[in-house]
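One letter stands for each residue in the lines below.
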Amino acid sequence: MPARLTSTARSLLVATTLAAAAIALPAHALEPFAADYEASYMGLSAKGRMTVEPQGGDQWKYTLKVSNQVAQLTQVTVFEDRNGQWRPLSGTDASLLLIKKIRRSAVYDWAAGVARWSGDVKPERAGPVPLQAGDVDGLLLNLALVRDTLAGKPLRYRMVDEGRAKPMQFTIAGKESITIGGKPQQATKLVSSNGNKQMLVWVVEGLALPARILQRKDGKDDIDLRIVSMR
């Protein structure tokens with residue numbers, strides 16, 4: 001889960017988020033996919049859908065939608081696969097909480113080397129924020145975490161989102177069994193802590209995205225995303 005939707009939802013859907021959808025892929029490959037997942041958001045159950053669609057050339061569109069009886073969240077990131085490095089090009093977040101609507105847009109201008117935000121953003125969060133090679137946004141963090149965990153690479157990232165850049169580092173907290181489609185699977189559990197926030201991610205061999213993402217705030221579960229089905 002997963003910042004652009006809300007600071008909690010973005011880092012997860014993360015995030016994040018997130019992003020509880022997956023498909024079996026060759027190592028480091030990008031393929032179109034669609035998946036459904038169940039979520040817990042604001043203490044209520046929710047349904048969601050995640051898709052990755054080719055946009056022509058080396059560009060892809062990554063979409064996450066989550067909804068329940070009180071909130072609707074939609075997050076879209078367009079990114080490019082540049083010689084195996086995934087970098088964001090643009091993003092849109094839209095949220096509806098009861099009658100309150102929020103919409104934010106991001107542009108990652110790699111030629112100019114900066115990212116900017118518009119829409120429902122505070123002036124101090126509009127940018128520009130300088131970009132660095134390897135930068136990700138919240139959604140691309142999901143892809144990078146799985147890729148790097150399975151490849152045994154360091155889990156250190158610079159996430160550029162919501163008008164700021166912040167480092168994120170994950171540590172491996174052992175193995176756990178989780179259930180996917182009624183079958184137990186061995187997962188690598190990852191943990192990242194930042195002040196009063198904590199993000200936990202479960203990675204399963206053969207799945208392109210985390211099998212589960214849990215975000216906690218002040219020691220309480222805030223958002224929980226789990227794979228249900230994929231097609």
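Provided above is the structure to which this section pertains.
In this report, we go over the structure that sits alongside the text. Only a predicted model underlies this, so the values are computations on that prediction, with no experimental measurement involved. In this numbering scheme, every chain counts its residues from 1 along its sequence in written order. In keeping with the model being predicted, local features are shown solely for residues with a pLDDT of at least 70 and side-chain atom pairs are shown and tallied solely at 80 or more, while totals for entire chains, interfaces and linings include all residues. As a rule here, side-chain values cover all heavy atoms of the structure and leave hydrogens and water aside.

A look at the overall build of the chain
A tally of helices and strands in the chain yields two helices and 15 strands. Across the 231 residues in the chain, those meeting the buried criterion constitute 49%. Under the DSSP-based scheme used, a helix requires at least four consecutive residues in state H or I and a strand at least two consecutive residues in state E, with every element numbered from the N terminus. For each residue, the accessible area found with a 1.4 Å probe, counting protein chains only, is set against the maximum for its type, and the residue is called buried under 20%, exposed over 50%, and partly exposed in between.

Examining the side chain of D148
Summarising the element assignment, D148 is placed in helix α2 (residues 138–151). The buried category is assigned to D148, whose relative accessible area is 6%.

Overview of unusual backbone geometry
Following G127, the chain continues into P128 via a peptide bond in cis, with omega recorded as 10°. Among the secondary structure elements, P128 is positioned in the loop between β7 (114–119) and β8 (129–130). The residue D218 is not glycine, and still its phi comes out positive at about 55°. Structurally, the position occupied by D218 is in the loop between β14 (212–217) and β15 (220–230).

Observations concerning the packing of aromatic side chains
Between 30 and 60 degrees the pair is tilted, below 30 it is stacked and above 60 it is edge-to-face, where a pair is any two Phe, Tyr or Trp rings, Trp via its six-membered ring, whose centres lie within 6.5 Å. Applying the stated criterion to the full structure yields two aromatic pairs. Taking the ring centre of W86 as reference, the NZ or CZ of R147 above it sits at 4.6 Å. R212 extends its terminal NZ or CZ atom over the ring of W202, reaching a point 4.5 Å from the ring centre. Geometrically, a lysine NZ or arginine CZ counts as sitting over a ring once it is within 6 Å of the ring centre and also within 35 degrees of the ring normal.

Side note on the pattern of salt bridges
Within this document, salt bridges are pairs made up of a side-chain nitrogen of Lys or Arg and a carboxyl oxygen of Asp or Glu, the two lying within 4 Å of each other. Tallying each qualifying case throughout the model produces eleven salt bridges. Put simply, D148 and R147 hold a salt bridge, and the shortest N to O gap is 2.9 Å. Like D148, the residue R147 is buried in the burial classification. Each of R125, E162 and R164 takes part in a single network of salt bridges with overlapping partners.

Some points on the side chain of K189
Within the secondary structure, K189 is located in strand β12 (residues 183–194). A relative accessible area of 16% means that K189 is categorised as buried. Contacts are assigned to residue pairs with any non-hydrogen atoms lying within 4.5 Å of each other. Leave out the neighbours within four places in its chain, and K189 touches T171, I172, A173, G174, E176, L200, V201 and W202.

Observations concerning a nonpolar patch on the surface
A cluster of nonpolar side chains, namely L97, L98 and I99, defines an oily patch on the protein surface of about 360 Å² accessible area. Relative to the assigned elements, L97 resides in strand β5 (residues 85–97). The partly exposed category is assigned to L97, whose relative accessible area is 38%. Only residues above 30% relative accessible area that lack a salt bridge enter a patch, with like-charged residues linked at up to 9 Å and the nonpolar side chains Val, Leu, Ile, Met, Phe, Trp and Tyr linked at up to 5 Å. In this description, accessible areas are obtained by the Shrake-Rupley approach with a 1.4 Å probe, and a residue is regarded as covered only by the protein chains that are shown.

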